[in-house]
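Commentary on secondary and tertiary structure
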Amino acid sequence: MWIKRQIPNFITLLNLFCGCIAVVHAIQGDMEIAALFIMLGIGFDFFDGLAARLLNVQSELGLQLDSLADMVTSGLAPGLVMCHLLGQAFGYTEYVATTWEAETLSTDLDLSYISSVGLLITLASAYRLAKFNVDTRQTTSFIGLPTPANALLIISLPLILKYQPEIWTINLIYNIWFLIGVTVVSCYLLNAEIPLFALKFKTWGFKENKVRYIFLLIAIILIALLKFIAIPLVILLYILMSLIVTRSENA
């Protein structure tokens, strides 16, 4: 019985392990490997909850451990990824300015320190996770963007640069103000009072999971067509569908 209760916790620790590896690679600037381990950690984060429900061994310990693991995998690691992207964007901006013989960058900020703005994602994630643990409204759904979804949004940016390096994607993602905007918006979405449906299946019937199945189908089609560029669109779709569902339920 003790082993049965520890199975979800072991899966959660695998999430934390992946997050730690992601942090190491994010610090070293290896964004591809960092993104890979963030995604693996998010996968374990999904299956630990599924295992706990299937085995009927949900516990307060598991809830706290899950949040601690998410803090690393979906909080610290994506914050460091954004820090690295902002640092790269600063170098790219300097290069473009030098190449085109621009006299000065049109900003009053000292952009050499701007990369630390990325850690706002980590702070907002910590606040969101702490709030989630004491918010009794989030037992079957979410209020605010879950940290794993936000982490996927952030890591999609270096993956787009790596695997879909079009001129417009490079210029957009290496725009400092775009990255700051993404950081601010993600911090807001993490803690906004926006009700979002959870991808937790208590049963597999279509009627009671219609919204989830439709969302997953559209997400798969978008990813198949657009690859990593689809990830921000899927996050936006998730938010829009949640708002539509909430409005229809309140009507």
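Our structure is the block above this text.
To keep things clear, this report deals only with the structure shown in the data block. All of these numbers come straight from a predicted model, not from anything done at the bench. (Residues numbered from 1 in each chain as written. Predicted model: local features only at pLDDT ≥ 70, side-chain atom pairs only at ≥ 80, totals over all residues. Heavy atoms only, no water.)

**What to know about the packing of aromatic side chains**
Enumeration over the complete set of coordinates arrives at 6 aromatic pairs. Taken together, a centroid distance of 5.8 Å and an interplanar angle of 75° make the contact between F197 and F215 edge-to-face. Of this pair, F197 sits in strand β2 (residues 195-197) while F215 sits in helix α8 (residues 210-226), placing them 18 residues apart in sequence. Pair check on accessibility: F197 and F215 agree, each one buried. (Phe/Tyr/Trp six-rings, centres within 6.5 Å; stacked < 30°, edge-to-face > 60°. Helix = DSSP H or I, 4+ residues; strand = E, 2+ residues; numbered from the N terminus. Buried < 20%, exposed > 50% of the residue type's maximum accessible area, 1.4 Å probe, protein only.)

**Overview of the nonpolar core**
The biggest cluster of nonpolar side chains holds 39 residues, and the ones touching the most others in it are I38, V81, M82, L86, L157, I176 and L179. Elements with a contribution of two residues or more to this core: α1 (2-28), α2 (31-55), α3 (60-99), α4 (120-134), α5 (147-163) and α7 (176-191). If you tally residues by element for this core, the top one is α3, at 9 residues. Core analysis: the second largest hydrophobic core is formed by 19 residues, L189, I194, A198 and V234 among them. (Core = buried A, V, L, I, M, F, W, Y, C linked by side-chain atoms within 4.5 Å.)

**Observations regarding a nonpolar patch on the surface**
Together, L217, I221, L225, L226 and L233 make up a nonpolar patch on the protein surface, roughly 460 Å² of accessible area in all. Assignment of secondary structure puts I221 in helix α8. (Patch = residues over 30% accessible without salt bridge, like charges linked within 9 Å, V, L, I, M, F, W, Y side chains within 5 Å. Areas by Shrake-Rupley, 256 points an atom, 1.4 Å probe, with all protein chains shown as cover. Salt bridge = Lys/Arg side-chain N within 4 Å of Asp/Glu carboxyl O.)

**Topic: the environment of A130**
Tracing the backbone through its elements, the reader meets A130 in helix α4. For the pair A130 and S67, spaced 63 residues apart in sequence, the C-alpha separation works out to 7.8 Å.

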